[in-house]
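Letter by letter, the chains look like this.
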Amino acid sequence: MDKAVAAVLGVALAIGTGADVKAAELQVLAGGATTGVMGELGSKFERATGHKLTVRFAGTPELIKLATSGAPFDLGVVPVDVMKDAAARARFAPGGTVDIARVGYGVAVRAGAPRPDVSTPDALKAALLKAQSITLYPESAAGAYVVSVFERLGIADAMKAKTKPQAGPGQIPQAVANGEAELGVFLTNVLAGPGVELAGPFPAALQQELVFTGAVAAASPNAEAAKALIDFLRTPEAAAVLTAKGMTPG
């Protein structure tokens, strides 16, 4: 399988081929909601190519800081909101941005708990107001969108009083599973895991997909290897993993 991946990428395997391949150590900036995806696909890429990945996961505000800090990095797999920041966008090679995956928003409950109706804006509003507590990751593009939905529903102040913010996406389902929060409100791929169940996606009138985009850093000394990783993230094999992890490829 990994040799097939390498063939798709047009990269020779150092092991088993006798080819003189110089492995690169790629520094990757990635959206926190891609942790599971990048973990699995990153390992496949490393095995197939001999390159090594060091991935820094963060929310959009922190990713913008990292991209603009002057510290070296090779590529980003980041929320498209990062590219809306002019200073951050300038750190990536022009014209090389490609969409990797997208995912919408939903509400999760503890496994076995009653699932509230969230199928319409009014039903979602009622479910949020009834909940004793909710949790999300506010320091992110996804968190900012969730808060904007609260504002559209006219319940922003009420939600502030019952919101238990998390320091990272992976802590959202954990907080719901262990009873720290009644509802998790975030990207649906994040709201998956042991001990939690998806009550449902946001209603169509409030739904929006967060797009994750890939781009090579303008100053990367490993641009060819960085592009190979982005190309791999757009292969059919990667698409199958993205789908299994609750994301829509492309």
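Bear in mind that the values here come from a model prediction, so they are computed numbers and not experimental data.

A.B. asks: Before we move on, could you go through the nonpolar core and cite the residues and values that matter?
C.D. replies: Ranked by size, the top nonpolar core spans 61 residues in total, and within it Leu26, Leu124, Leu128, Phe150, Phe186 and Leu187 carry the most contacts. Per-element tally for this core: the top contributor is helix 7 (residues 141-153), with seven residues. In terms of nonpolar packing, the next biggest core, distinct from the first, is built from 14 residues, Ile64, Leu66, Ala88 and Ala217 among them.

A.B. asks: Would you mind going over helix 2 (residues 35-49) in detail, with residue names and values included?
C.D. replies: Compared with the 21 Å implied by 1.5 Å per residue over 15 residues, the 21 Å span of helix 2 between its first and last C-alpha is a close match. The complete set of buried residues in helix 2 reads Val37, Met38, Leu41, Gly42, Lys44, Phe45, Ala48 and Thr49. Here the buried residues of helix 2 occupy an arc of 165° about the axis, which is enough to place them on one side. Within two residues after helix 2, Gly50 carries a phi angle of roughly 85°, on the positive side.

A.B. asks: Pulling in residues and values, what's your account of the packing of helix 2 against helix 11 (residues 236-244)?
C.D. replies: At a minimum axis separation of 10 Å, helix 2 and helix 11 run at an interaxial angle of 155°. By the angle between their axes, helix 2 is roughly antiparallel relative to helix 11. The handedness of the crossing between helix 2 and helix 11 comes out as right-handed. Residues Val37, Glu40, Leu41 and Lys44 of helix 2 lie in contact with helix 11, whose contacting residues are Glu237, Ala238, Val241 and Leu242.

A.B. asks: Explain the pairing of strand 8 (residues 183-187) to me, using residue names and the numbers behind them.
C.D. replies: Along strand 8, five of the five residues are buried, which leaves the element largely enclosed by surrounding structure. Bridge count for strand 5 (residues 105-110) against strand 8 is four bridges, and the pairing is antiparallel. The residue of strand 8 that forms the bridge with Tyr105 is Leu187. Inspection of the sheet shows strand 6 (residues 134-136) paired to strand 8 by two bridges, in the parallel sense. Bridging from a neighbouring strand, Ile134 pairs with Leu183 of strand 8.

A.B. asks: Tell me about the environment of Gly104, and name the residues and values.
C.D. replies: With respect to the helices and strands, Gly104 occurs in the loop between strand 4 (98-103) and strand 5. Once the C-alpha coordinates of Gly104 and Ala131 are considered, the two residues, 27 residues apart in sequence, prove to be 21 Å apart.

A.B. asks: So, the sheet that holds strand 1 (residues 25-31): which residues are in play, and what are the values?
C.D. replies: The strands making up a sheet are joined through hydrogen bonds of the backbone, oriented either antiparallel or parallel. Strand order across the open sheet formed by six strands is 2-1-3-10-4-11, with mixed pairing between neighbours. For this open sheet the edge positions go to strand 2 (52-58) and strand 11 (248-249), each flanked by a neighbour on one side alone. As judged from the two bridges shared by strand 4 and strand 11, these two strands associate in the antiparallel manner. Among the inter-strand pairings, Arg102 is bridged to a residue of strand 11, identified as Thr248. Helix 3 (residues 60-68) contacts strand 1, strand 2 and strand 3 (75-79) of the sheet and is inclined by roughly 130° relative to strand 2.

A.B. asks: Describe the packing of aromatic side chains, with residues and values.
C.D. replies: Following the criterion strictly, the structure yields five aromatic pairs and no others. When the centroid spacing of 5.9 Å and the interplanar angle of 25° are considered together, the rings of Tyr105 and Phe202 count as stacked. A residue pair is termed long-range when its members are at least 10 positions apart, and Tyr105 in strand 5 and Phe202 in the loop between strand 9 (196-201) and strand 10 (210-216) qualify at 97 residues. When the ring of Tyr137 is compared with that of Phe186, the centres are 6.3 Å apart and the planes differ by 45°; the resulting orientation is tilted. A residue pair is termed long-range when its members are at least 10 positions apart, and Tyr137 in the loop between strand 6 and helix 7 and Phe186 in strand 8 qualify at 49 residues. Cluster of aromatic residues (ring-pair linked, three or more members): Tyr105, Tyr145 and Phe202.

Conventions and cut-offs
Residues numbered from 1 in each chain as written. Predicted model: local features only at pLDDT ≥ 70, side-chain atom pairs only at ≥ 80, totals over all residues. Heavy atoms only, no water. Core = buried A, V, L, I, M, F, W, Y, C linked by side-chain atoms within 4.5 Å. Buried < 20%, exposed > 50% of the residue type's maximum accessible area, 1.4 Å probe, protein only. Helix = DSSP H or I, 4+ residues; strand = E, 2+ residues; numbered from the N terminus. Expected span 1.5 Å × (residues − 1). Arc of directions from axis to C-beta. Axes fitted to C-alpha atoms, helices over the stretch in contact; angles between N-to-C directions. Parallel < 35°, antiparallel > 145°, perpendicular 65-115°, else oblique. Left-handed = near helix turned anticlockwise from the far one by under 90°. Contact = heavy atoms within 4.5 Å. Pairing = 2+ DSSP bridges. Phe/Tyr/Trp six-rings, centres within 6.5 Å; stacked < 30°, edge-to-face > 60°.

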